[in-house]
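One-letter residues, chain by chain:
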Amino acid sequence: MSILFISKADSPTEWQQALASLDPEIGFQVWPDSRKPEDIEAALVWKHPPGALLGLPNLKLIQSLGAGVDHIFMDPRLPKNVPIARLVDSELTRQMVEYVVLAVLSRHRRLDLIRGAQLLRDWQVIPPVPISCSRVGILGFGEIGRATGNSLVNLGFKVASWTRTPHTVGAVTSYHGPEGFTSLLEKSDILICLLPLTAKTRGLLNAEAFATLPTDAYVINVARGAHLIEQDLLAAIDNGHLSGAWLDVFDAEPLPSNHPFWAHPKIVVTPHLAGLTVASSAASQVVHNLQLVRIGKPPQNLVDPTVGY
Ligand code: NDP
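Here's what I pulled together on the structure shown here. Remember, it's a predicted structure, so these values are computed and weren't measured experimentally.

Within strand β1 (residues 2-6), 5 of the 5 residues are buried, which leaves it mostly tucked inside the rest of the structure. Of the two faces of β1, both are covered, the one formed by Ser2, Leu4 and Ile6 as well as the one formed by Ile3 and Phe5. By the bridge criterion, 4 bridges tie β1 to strand β2 (residues 27-30) in an arrangement that is parallel. Bridging across to β2, phenylalanine 5 finds its partner in valine 30. Between the parallel elements β1 and β2, the chain passes through helix α1 (residues 12-22) in a crossover that is right-handed.

So this is what it looks like as structure tokens:
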């Protein structure tokens, strides 16, 4: 029996080796060269072409190669009643925490101003602001949001979170639901988006949300490009309400070379690299999920299709 691998972003060789090192019995077929559809028990996917998961009579698991599953739900011809699992991986989470802490600290210590002065050969002391002036709001407090929040709390930041369902988390002020969204925005000097992309979260970072943020607030989006209305962000920065943004994800990826974000002095652009799945770290979860579905149990990190994450 086999796993079907469909991804242009991940290395099939690395995945095949990582899976074989854990279970040499697992067959490995790479789309579109797969030859034995009846052998396929699990599909390991990242942005698979619509319809590619049809015609697999023994498919028991659709496993995302990343933490998000929005790419799976984009397929209008997804097979029905096959469990979908997302990756929760300590290495991926660690990379995400590292990246977001980098962005928060760069903003908090005003690395942009320091670097600007350096380029002018200007010995300008830009004094650190009190940490109380950098209140952090995190949209989405799941695996990655929580780990990020904990690290920022440990650094001394005042952190608030926003979730769909109510949570109580130690040192973090928790908000949920539509009313909670406004309350969180009003108190966020640095806003971090770590939401899954769903019908309810698409376009949340828009002109109204930006206007609700305090003057001079800073936006960090590491979730998905479609959470953010790009023109609204540009307008809010260019009219002086927001001080800038740090973006890893975009509506169109790769970001077109003529896109205004590239050269904007107040926007940091990185090419969707905040957290990259490492096969050697994540493969054990895939093997474990395969074992679970083979005995009729739900996989770990099962996605609820009714909420989209
Ligand atoms: P989780 O599923 O663990 O957490 C999702 C969080 O979002 C939960 O707290 C959930 O609330 C909240 N949420 C979902 N819908 C809503 C809503 N409508 N209103 C308010 N809150 C909501 O996800 P992860 O932390 O593992 O990952 C988050 C996202 O990060 C991924 O979906 C992916 O898009 C992105 N990502 C980006 C990467 C990059 O390289 N840029 C790499 C990895 C991930 P509740 O707790 O109530 O369920």
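Turning next to the site of the ligand. Residues in contact with the ligand amount to 29 residues; listed here are only the nearest, Arg86, Ile144, Thr165, His167 and Tyr309. A distance of 2.9 Å separates an oxygen atom of the ligand from a polar backbone atom of isoleucine 144. Within the side chain of histidine 167, one N or O atom sits 2.7 Å away from an oxygen atom of the ligand. Protein chains shield 92% of the accessible area of the ligand, which is 950 Å² for the free molecule. Residue assignment for the shell around the ligand shows that the elements contributing at least two residues are α5 (143-154) and β7 (159-163).

Attention now moves to the nonpolar core. Phe210, Leu233, Leu242, Phe261 and Ile267 are the most contacted members of the largest nonpolar core, which totals 31 residues. Those elements that place two or more of their residues in this core are β7, α6 (177-186), β9 (190-193), α7 (207-212), β10 (217-221), α8 (230-238), β11 (242-247) and β12 (267-269). It is α8 that contributes the most residues to this core, 4 residues altogether. Leucine 233 has contacts with Phe210, Val219, Leu228, Leu242, Ala245, Leu247, Phe261 and Ile267, leaving out every residue within four places of it along the chain. Judged by nonpolar contacts, the second largest core, of 24 residues, contains Val100, Ile138, Ile190 and Ala274.

What follows is about the environment of glycine 308. You can see glycine 308 is positioned in the segment after α10 (279-294). Residues in contact with glycine 308, not counting those within four places in the same chain, are Val69, Phe73, Leu197, Thr198 and Val303.

Analysis parameters
- Just so you know, the residues in each chain are numbered from 1, in the order the chain's sequence is written.
- Only residues with pLDDT of at least 70 are given local features in this predicted model, and only at 80 or more are side-chain atom pairs given and counted; all residues enter the totals for whole chains, interfaces and linings.
- Derived side-chain values reflect all non-hydrogen atoms in the structure, with water molecules and hydrogen atoms excluded from consideration.
- The cut-offs for exposure are 20% and 50% of the maximum accessible area for each residue type, with area from a 1.4 Å probe on protein chains only; residues under the lower value are buried, those over the upper are exposed, and the others partly exposed.
- Each helix corresponds to a stretch of at least 4 residues labelled H or I by DSSP, and each strand to a stretch of at least 2 residues labelled E; elements are numbered beginning at the N terminus.
- Two strands are counted as paired when DSSP detects at least two bridges linking them.
- The handedness rule is simple: strands pointing away from the viewer, and a clockwise path from the first strand over the helix to the second, make the crossover right-handed.
- What makes a residue near a molecule or strand is one non-hydrogen atom of that residue sitting within 4 Å of it.
- Here a polar contact is recorded for every N or O atom pair within 3.5 Å, except that within protein the pair must consist of a potential hydrogen donor and a potential acceptor, and residues adjacent in sequence are included only if both atoms are side-chain atoms.
- For the area figures, the Shrake-Rupley method with a 1.4 Å probe applies, and any residue is considered shielded solely by the protein chains shown.
- The criterion is simple. A nonpolar core is a set of buried Ala, Val, Leu, Ile, Met, Phe, Trp, Tyr and Cys residues joined through side-chain atoms within 4.5 Å.
- Should any heavy atoms of two residues lie within 4.5 Å, those residues are considered in contact.

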